[in-house]
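Residue-level listing of the chains:
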Amino acid sequence: MISLAVVLAFADGFWVISLRGAVGAIERTSEPFATWVRESAVMVPVYALAVLAALTLALRRFGSVLRGARAVVSSAWLVALAASVVGAGHLAVSSAVDFRLQSGLIEHMGSMSRTCGADCIARLQSDGFWLQARATGYGAALVLLTNVVVVVWMVAMRGGRLRVVSPRRGHASRVDDRVLGLAGALVGAAVIHLVVVPEHLAEWAAAGLFFLVLAVAQLVVAGAALVRPGRLSWLAAVVVSAGPVVLWAVSRTVGLPLGPEPGVPEALGIADLAGALLETAAVALALSLRSRPDRSVDAEGTHTHRTGLVVVALLAVTVVGVAGNGMLLLGGDPHAASTAQVEASSPGQG
């Protein structure tokens, strides 16, 4: 599974970086090879999640060992389709970031021009939007075709066979998936909070200290959930997760009443969105454990795949959140970075 996820991530990453070089924001087109390696490596856990989800569906439909052309072809198509959804999502996010930067630069340059008014700026932004939309559509088709070829090639390398679960038999873990998910979500959120501590300390010391204390508290509660699971642990998990989610929602909608810019909504970034998703998952899992503390464990194959899905999903969100630190999706000043990059490159072109 891991080898297939790696090949798919780097194959799809090639198209993402290629299209970015063709129609993307100029400041994101430097060092394409290094960017391809870095972004593809970050996406490996996400592709592993997609592959594992597809194989889990195949396990439920065809059993642990795929026999017959129909089962193999159907399962291979599921894997290729799941990976293509991830690849298309990567393309869409990349195009959205490019359009945001390009749109901000158009506004900034239009404000300094006497020949391009509001209608001209709106037309250029509309053209930029549809350019990114078409590039995403073409890229998604290329990603799907590439993934089908990759999966067929990997299956052919295995002699036309595809095994859904490992042939090794062992003792299935008796730990509830929800407990593992709760601990993993808290650890992932804590890691993201620790990553953003330095920048928050530089902006507002109180915010940096808050995230540091919050991360430590979430790590402690995660350990308690694994070592001493019970109602007290579930309650603590809700407290250290629900509170930050509420604060995050307020800060991104109406703005916090305190801080350097009280009452001003903050920009939405990949890191804070990932952290909020992990904390929301932690709240849901803690409430589920509190209301239904006991749940039967499935057969080994299904339980193993479900546990793998939980672990890989949390890992994927955490890795994307850490890698996306500083990358904004909505709000903020989109043309600041664009202007700096263009001005830094302009002297060499004069």
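All values derive from a computational prediction rather than experimental measurement. (Residues numbered from 1 in each chain as written. Predicted model: local features only at pLDDT ≥ 70, side-chain atom pairs only at ≥ 80, totals over all residues. Heavy atoms only, no water.)

K.L.:
Help me understand unusual backbone geometry, please; the structure alone is not making it clear to me.
P.N.:
Note: most residues except glycine have negative phi, and most peptide bonds are trans. The backbone phi angle of E31 is positive, close to 50°, even though this residue is not glycine. The topology assignment puts E31 in the loop between α1 (2-23) and α2 (32-62). (Helix = DSSP H or I, 4+ residues; strand = E, 2+ residues; numbered from the N terminus.)

K.L.:
How do you make sense of the environment of V216 when you look at a structure like this?
P.N.:
When you line up the elements, V216 lands in helix α6 (residues 205-227). In this structure, the C-alpha to C-alpha distance between V216 and A190, residues 26 residues apart in sequence, is 7.1 Å.

K.L.:
Looking at this structure, how should I read the confidence of the model for the chain?
P.N.:
It should be kept in mind that the predicted coordinates are not to be read in detail where pLDDT is low. In the predicted model, the chain carries a mean pLDDT of 83, and 82% of its residues have values of at least 70. Segment residues 168-172 is flagged for pLDDT under 50; beyond a separation of four residues in sequence, or across chains, it makes five contacts in the model. Note on residues 335-350: pLDDT under 50 across the span, and twelve contacts to partners over four residues away in sequence or across chains. (pLDDT = per-residue confidence, 0-100. Contact = heavy atoms within 4.5 Å.)

K.L.:
I would appreciate a short explanation of the state of the cysteines in the present structure.
P.N.:
Formally, a disulfide is one covalent bond, and it connects the sulfur atom of one cysteine to the sulfur atom of another. Within this structure, the stated rule accounts for one disulfide. Each sulfur in the disulfide pair C116 and C120 lies 2.0 Å from the other. Residues C116 and C120 are joined by a disulfide whose S-S torsion is about -95°; by sign, that bridge is left-handed. A relative accessible area of 17% places C120 in the buried class. (Disulfide = S-S within 2.5 Å. Buried < 20%, exposed > 50% of the residue type's maximum accessible area, 1.4 Å probe, protein only.)

K.L.:
Please explain the packing of α2 against helix α3 (residues 69-111) as it appears in this structure.
P.N.:
Relative orientation and spacing of two packed helices are given, respectively, by the angle between their axes and the distance between those axes. Two numbers describe how α2 lies on α3: the axes approach to 9 Å, and their chain directions differ by 145°. In this structure, the crossing between α2 and α3 has a hand that is right-handed. Contact residues: α2 offers E39, M43, V46, Y47, A50, V51, A54, L55, L57, A58, R61 and F62, while α3 offers R70, A71, S74, S75, L78, V79, A82, A83, V86, G87 and H90. When grouped by side-chain class, the residues that make up the contact of α2 with α3 number 16 nonpolar, four polar and three charged. (Axes fitted to C-alpha atoms, helices over the stretch in contact; angles between N-to-C directions. Left-handed = near helix turned anticlockwise from the far one by under 90°. Nonpolar A, V, L, I, M, F, W, Y, C, P; charged D, E, K, R; others polar.)

K.L.:
Hey, could you run me through the nonpolar core in this one?
P.N.:
Grouped burial of nonpolar side chains is what soluble globular proteins tend to show. Residues L4, L8, Y47, V79 and V151 are the most contacted members of the largest nonpolar core, which totals 28 residues. Setting aside its immediate chain neighbours within four residues, Y47 contacts A5, L8, A9, D12, A83, V86 and G87. Grouped together as the second largest cluster of nonpolar side chains are 20 residues, L182, W234, A237 and A286 included. (Core = buried A, V, L, I, M, F, W, Y, C linked by side-chain atoms within 4.5 Å.)

K.L.:
Where do I start with the environment of P32 in this structure?
P.N.:
As for its placement among the helices and strands, P32 is situated in helix α2. It is 8.1 Å that separates the C-alpha atoms of P32 and S18, two residues lying 14 residues apart in sequence.

K.L.:
Looking at this structure, I do not really get the pattern of salt bridges. What am I missing?
P.N.:
Two side chains that carry opposite charge are able to pair once their charged atoms sit near each other. Taken as a whole and assessed by the stated rule, the structure comprises four salt bridges. Across the pair E39 and R20 runs a salt bridge, and its minimum N-O distance is 2.7 Å. Here the residue E39 occupies a position in helix α2, and R20 occupies one in helix α1, the gap between them amounting to 19 residues. Classification of E39 by relative accessible area gives buried; the value is 17%. (Salt bridge = Lys/Arg side-chain N within 4 Å of Asp/Glu carboxyl O.)

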